[in-house]
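Observations on the model geometry
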Amino acid sequence: MRRSSTFARQVLLVRVGRRDDAGSGTDLVVPDHRYADRQRRRYGRFDRAAEVEAIMPVSPALAPTSPVDDDATAMSIPLLPGERTAARRMKFALVNACTLSSLMLGMLAIFLAMQGEVRVAALCLIACVVFDGLDGALARKLGVASPFGAQMDSLADMCSFGLAAPVVVYASLAGSVPPAAAAVACALVAACAAIRLARFNVSPKDGRFFCGVPTTMAAAVLALTVAIGLPVSGLVLVGGVALLAFAMVSSFPYAKLARLVKLPPWLWLAPVVGALVDIRLTFALVVVGYLVSGPLLWLHQRRTA
């Protein structure tokens, strides 16, 4: 009885409330949040903007940006940060000219490889490696390092070392191995070079080791292999090219050139003497030793950790 009387009282209150609302000039409706929430759950209309924003992926290469005012004027980002004097602009142009020279030499290597001049094309790739190291050294020496220069260097590396080097290797393997095998190995070099460069752009830098074989080092190895003409079978070369491609995207630590220079002099004397005796065998041993050094350093770091 108490339940029924309570229910009847609620019905009367609702009816009286509606009558009073109709008599008054105001249309006041109090929504029932229970039914609204029920409809939102049923039809998926609830707002998940905060949840979506919380789990949205953010690129590590870009800093979080604040919302831009509609009335705010767009600001142009200078290509050369800092003081923009005529002397600094000339230095900036010189550094980027080295980067463009590496790019143009890579294009020339492709054209020469298409004409069958694989040895000359390999020499052009070696010149690309020289210019690639020169532009970074000049940018730091002259004080004109910039994000624009870093991105331009990465694009030039992809064209010269990620595209031109596989084309030259493919042209050198023509006739000695099946075209499909050579194409797969060279395509692996291009794909792994793109992954390696993209990972390098967004990863924190380590002053001691590279994470994987650098793209420049891989291109230099491929160019020297074609230039000196290693006396091995074509299938062995294809396997070596594929192994070098996977080494670029590996997580093994490889020592940088600055650390290699600090090695004892007798370690440098051994390859120099070996090159005078047999440059091909010495080159092959140096390359194999450098590739094996990555897994060995990785094992050493795991044991000491």
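This report concerns the structure included in the present document. (Residues numbered from 1 in each chain as written. Predicted model: local features only at pLDDT ≥ 70, side-chain atom pairs only at ≥ 80, totals over all residues. Heavy atoms only, no water.)

So, the overall build of the protein
Counted only if it meets this: In this text, helices come from DSSP runs of H or I with a minimum length of four residues, and strands from runs of E with a minimum of two, each type numbered from the N-terminal end. Only the protein chains shown count as cover for residues, and the accessible areas themselves come from Shrake-Rupley with a 1.4 Å probe.
Along the backbone of the protein there are 12 helices and 2 strands. Helices (α) and strands (β) of the protein occur, in sequence order from the N terminus, as α-α-α-α-α-α-α-β-α-α-β-α-α-α. Carbon together with sulfur atoms contributes 67% to the accessible area of the protein, which is approximately 20,900 Å² in total.

Topic: the nonpolar core
In globular proteins that are soluble, nonpolar side chains generally tend to be buried together. Formally: Working definition of a nonpolar core: buried Ala, Val, Leu, Ile, Met, Phe, Trp, Tyr and Cys residues. They are joined through side-chain atoms within 4.5 Å. Burial classes: relative accessible area under 20% of the type maximum marks a residue as buried, over 50% as exposed, and values in between as partly exposed (1.4 Å probe, protein chains only). Whether two residues are in contact is decided by their heavy atoms: any pair within 4.5 Å suffices.
With 45 residues, the main nonpolar core has L125, V168, V169, V213, L222 and M248 as its most contacted residues. Broken down by secondary-structure element, the contributors of at least two residues to this core are α4 (86-114), α5 (118-142), α6 (147-173), α7 (179-202), α8 (215-228), α9 (234-248) and α12 (279-304). When residues of this core are assigned to their parent elements, the largest contribution, 8 residues, is made by α8. Leave out the neighbours within four places in its chain, and V168 touches A109, A113, V118, A121, A122, L125 and V226. L80, F92, V95 and A139 belong to the second-largest nonpolar core, a separate cluster that totals 5 residues.

A closer look at the side chain of T99
As a reminder, the rule being used: For the purposes of these results, a polar contact is taken to be a pair of N or O atoms within 3.5 Å, where, inside protein, one atom must be able to donate a hydrogen and its partner to accept one; residues adjacent in sequence count only when each atom of the pair is a side-chain atom.
Mapped onto the elements of the fold, T99 is located in helix α4. Since its relative accessible area comes to 3%, T99 is described here as buried. At 2.8 Å, the side chain of T99 forms a polar contact with the side chain of D135. Among residues more than four places away in sequence, those in contact with T99 are D135, M152, D153 and A156.

Some details on the packing of α5 against α8
Let me state the cut-off plainly: Structural elements are reduced to axes, namely lines fitted to C-alpha atoms, with helices fitted over the stretch in contact, and the angle between N-to-C directions of any two is expressed from 0 to 180 degrees. Should an angle lie under 35 degrees it is considered roughly parallel, over 145 roughly antiparallel, and from 65 to 115 roughly perpendicular; all remaining angles are considered oblique. The handedness criterion is simple: a crossing whose near helix is rotated anticlockwise from the far helix by less than a right angle is left-handed, and one whose near helix is rotated clockwise is right-handed. Only Asp, Glu, Lys and Arg are considered charged, only Ala, Val, Leu, Ile, Met, Phe, Trp, Tyr, Cys and Pro nonpolar, and every remaining residue, Gly among them, polar.
Relative orientation of the contacting elements α5 and α8 amounts to 150°, with a least axis distance of 8 Å. One element, α5, and the other, α8, form an angle in the roughly antiparallel class. The crossing of α5 and α8 is left-handed. Contacts between α5 and α8 involve V118, R119, A122, L125, I126, V129 and D132 on the former and, on the latter, T216, A220, A223, L224, V226 and A227. Partitioning the contact of α5 with α8 into residue classes produces 10 nonpolar, 1 polar and 2 charged.

A few points about the layout of surface pockets
Selection rule: Residues are said to line a cavity or pocket when one of their atoms sits within 4 Å of a point; the points come from a 1 Å grid over protein atoms alone, cavities being sets where a 1.4 Å probe fits but cannot get out and pockets being open sets with protein on both sides within 12 Å along at least five of seven lines. Grid points are joined across faces, edges and corners, and a volume is the space filled by probe spheres set on the points.
Considering only enclosed or pocket space, the second largest pocket measures out at about 590 Å³ in volume. Together, 25 residues line the second largest pocket, and T225, L230, V232, L237 and G240 are the ones closest to its centre. Only α6, α8, α9 and α12 provide two or more residues apiece to the lining of the second largest pocket. Looking at the lining of the second largest pocket residue by residue, the class counts come to 19 nonpolar, 4 polar and 2 charged.

A closer look at α5
Spelled out, the test is: Helix span, as expected, comes to 1.5 Å for every residue beyond the first.
For α5, which comprises 25 residues, the first-to-last C-alpha distance of 36 Å matches the rise-based estimate of 36 Å (1.5 Å per residue) to within 8%. Among the structural elements, α4, α6 and α8 are those in contact with the buried residues of α5. Two residues or fewer past α5, G143 is found with a positive phi of approximately 75°.

Digging into the side chain of T215
Position of T215 relative to the elements: it lies in helix α8. Sequence-distant contacts of T215, defined by excluding residues within four places in its chain, comprise F161, A193, R196, L197 and M248.

Let's talk about α6
Here α6 spans 38 Å end to end across 27 residues, near enough to the 39 Å set by a 1.5 Å rise per residue. Phi turns positive, to about 90°, at G175, one or two residues after α6.

A word on the packing of aromatic side chains
Formally: Only Phe, Tyr and Trp rings take part, Trp by its six-membered ring, and two of them pair if their centres are within 6.5 Å. Stacked means planes under 30 degrees apart, edge-to-face means over 60, and tilted covers everything else. Only when the NZ atom of a Lys or the CZ atom of an Arg is both within 6 Å of the ring centre and within 35 degrees of the ring normal do we say a charge sits over the ring.
By the definition in use, this model includes 3 aromatic pairs. Here the aromatic rings of F252 and W298 are separated by 5.8 Å at their centres, their planes lie at 70°, and the arrangement is edge-to-face. Taken together, the positions of F252 in the loop between α9 and β2 (253-255) and W298 in helix α12 put the pair 46 residues apart, joining distant regions of the chain. Among the residues examined, F252 registers a relative accessible area of 27% and is labelled partly exposed. Ring geometry for Y254 against Y290: centres 5.3 Å apart, planes inclined by 35°, an arrangement best described as tilted. Of this pair, Y254 sits in strand β2 while Y290 sits in helix α12; the two residues are 36 residues apart in sequence, bridging distant segments of the chain. Here Y254 and Y290 have matching classes, each one buried. Here the guanidinium or amino end of K256 rests over the ring plane of F210, the centre of that ring lying 5.1 Å away.

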